[in-house]
Amino acid sequence: MYFELVTGTEAIEDLERYQLMELFTYLIAHTFLIWIFQLACLGGIVSLSKRSFVGLDVNFKDGLKTVKDNFLKLIGVSTILVVLITGGFVVSGVLVLFTEEVCAGGILFLVSLVLGLLFLIWFLYTIPIMVIEKKGIIRSLSESKKTGKRYGGTFKFFLLIFFLVSFLNNLVMFFAPQMIYSPTYYQQGIFQLILQFGLRWFLFLYQYIIFGFSMILISTHYMRLKGVEK
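Residues numbered from 1 in each chain as written. Predicted model: local features only at pLDDT ≥ 70, side-chain atom pairs only at ≥ 80, totals over all residues. Heavy atoms only, no water.

1. Some points on the overall build of the chain
Within the chain one finds nine helices and zero strands. Ordered by position in the sequence, the α and β elements of the chain form the string α-α-α-α-α-α-α-α-α. The buried share of the chain, taken over its 230 residues, is 35%. Taking contacts inside the chain between residues at least 6 apart in sequence as the whole, the part at least 24 apart equals 67%. As displayed, the chain offers around 13,900 Å² of accessible surface, 71% of which is attributable to carbon and sulfur atoms. (Helix = DSSP H or I, 4+ residues; strand = E, 2+ residues; numbered from the N terminus. Buried < 20%, exposed > 50% of the residue type's maximum accessible area, 1.4 Å probe, protein only. Contact = heavy atoms within 4.5 Å. Areas by Shrake-Rupley, 256 points an atom, 1.4 Å probe, with all protein chains shown as cover.)

Next comes the structure, spelled out in structure tokens:
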């Protein structure tokens, strides 16, 4: 029904509004559902990173067991992290979309950008602390913030990770066909629908690989900071 609404309207201003609604809906679904799931699953990668760091065999089942045993905690802390880091962007999007207060939305966007980056630095080690040291949600958040403040190299390390992830993501997004994001491309036929669906899943898996690689780097860096013995 939504796609019919988008493609059936003739008014340009309505079409722009519906396109914004599509973007906002995608942002909510992607950020508050997929990212939460991704962060929770990354707990297994942290576990495997620790095993590799201390010289133990890396077993895929061990990673799955870690996610299973800590699933509620991982979902909980992932939800908190996603809300803290991206909540301001969603609020600013709602403000612009439904009140058309562009100036207020722009100011809130800049504020949320600064706070989001600050929260990223503070809580960079939250999931590694939870998995490696087996601490609860609040303790993990607190310890991550303390660790980030205690070690001056955390900021430089964060910038390295941030630009690495951004570069790899933008590299693929730049070359990705525009039809991946088209709300009407699928209407051209079943082949186009399958192609669009497949490419979207490829991008999702590619992003997950990038996040997984960054979590390996973050976990290894944290274990070096804390002097975990091999």
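2. Quick notes on the nonpolar core
General note: in soluble globular proteins, nonpolar side chains tend to be found buried as a group. In terms of nonpolar packing, the biggest core is built from 29 residues, with V46, L74, L124, Y125, I127, F157 and I218 touching the most fellow members. Elements supplying a minimum of two residues to this core: α2 (12-53), α4 (71-99), α5 (102-122), α6 (126-132), α8 (153-175) and α9 (190-225). Setting aside its immediate chain neighbours within four residues, V46 contacts I127, P128, V131, I132, M215 and S219. (Core = buried A, V, L, I, M, F, W, Y, C linked by side-chain atoms within 4.5 Å.)

3. Concerning a positive patch on the surface
A surface patch of positive charge is lined by R139, K146, R150 and K226. Here K226 lies in the segment after α9. Residue K226 is classed as partly exposed on the basis of its relative accessible area, which comes to 33%. (Patch = residues over 30% accessible without salt bridge, like charges linked within 9 Å, V, L, I, M, F, W, Y side chains within 5 Å. Salt bridge = Lys/Arg side-chain N within 4 Å of Asp/Glu carboxyl O. Lys, Arg positive; Asp, Glu negative; His and termini not counted. Charge placed at Lys NZ, Arg CZ, Asp CG, Glu CD.)

4. Focus: the pattern of salt bridges
Two side chains of opposite charge can pair, provided their charged atoms sit close to one another. Counted under the stated rule, the structure contains three salt bridges. For E133, the salt bridge goes to K135, with nearest N and O atoms at 3.1 Å. A relative accessible area of 18% places K135 in the buried class.

5. What about the environment of G212?
Note that G212 resides in helix α9. With a relative accessible area of 5%, G212 lands in the buried category. Taking C-alpha positions, G212 is 8.9 Å from V46, a pair spaced 166 residues apart along the chain. Setting aside chain neighbours within four positions, we find G212 in contact with L42 and I45.

6. What to know about the packing of aromatic side chains
Counted by the stated rule, this structure contains seven aromatic pairs. Both rings, one in Y125 and one in Y222, keep their centres 5.5 Å apart while their planes meet at 40°; by these two values the pair is tilted. One end of the pair, Y125, is in the loop between α5 and α6; the other, Y222, is in helix α9, with 97 residues separating them in the sequence. Taking the relative accessible area as the measure of exposure, Y222 reaches 1% and is therefore buried. For the pair F162 and F163, a centre-to-centre distance of 5.7 Å together with 80° between the ring planes defines the contact as edge-to-face. What makes F163 exposed here is its relative accessible area of 53%. Counting every residue linked through ring pairs, the aromatic cluster contains F119, W122 and F123. Positioned over the ring face of W122 is K145, at 4.1 Å from the centre of the ring. (Phe/Tyr/Trp six-rings, centres within 6.5 Å; stacked < 30°, edge-to-face > 60°. Lys NZ or Arg CZ within 6 Å of the ring centre and 35° of its normal.)

7. As for the environment of L225
Within the element layout of this structure, L225 appears in helix α9. Classification of L225 by relative accessible area gives partly exposed; the value is 23%.

8. Let's talk about the confidence of the model for the chain
Mean pLDDT over the chain stands at 77; residues scoring 70 or higher make up 72%. When pLDDT is averaged over each element of the chain, α6 comes out on top at 92 and helix α1 (residues 2-8) at the bottom at 45. pLDDT under 50 marks residues 1-13. Its contacts with residues more than four places away, or in other chains, come to 13 contacts. (pLDDT = per-residue confidence, 0-100.)

9. Let's talk about the side chain of E143
Looking at the element boundaries, E143 is found in helix α7 (residues 137-150). In this structure, E143 is buried with no salt-bridge partner, the nearest side chain bearing the opposite charge being K135 at 4.1 Å. In this structure, E143 is in contact with I129 and K135, ignoring residues within four places of it in sequence.

10. Looking at helix α3 (residues 60-69)
All of the buried residues along α3 are G63, T66 and V67. The buried residues of α3 occupy an angular sector of 95° when the element is viewed end-on, so they sit on one face. Facing away from the buried side of α3 by more than 90 degrees, the exposed set consists of K61 and K68. Two or three places before K61, at the opening of α3, N59 has a side-chain oxygen 2.8 Å from that residue's backbone nitrogen. (Arc of directions from axis to C-beta. Polar contact = N/O pair within 3.5 Å; in protein donor to acceptor, adjacent residues only side chain to side chain.)

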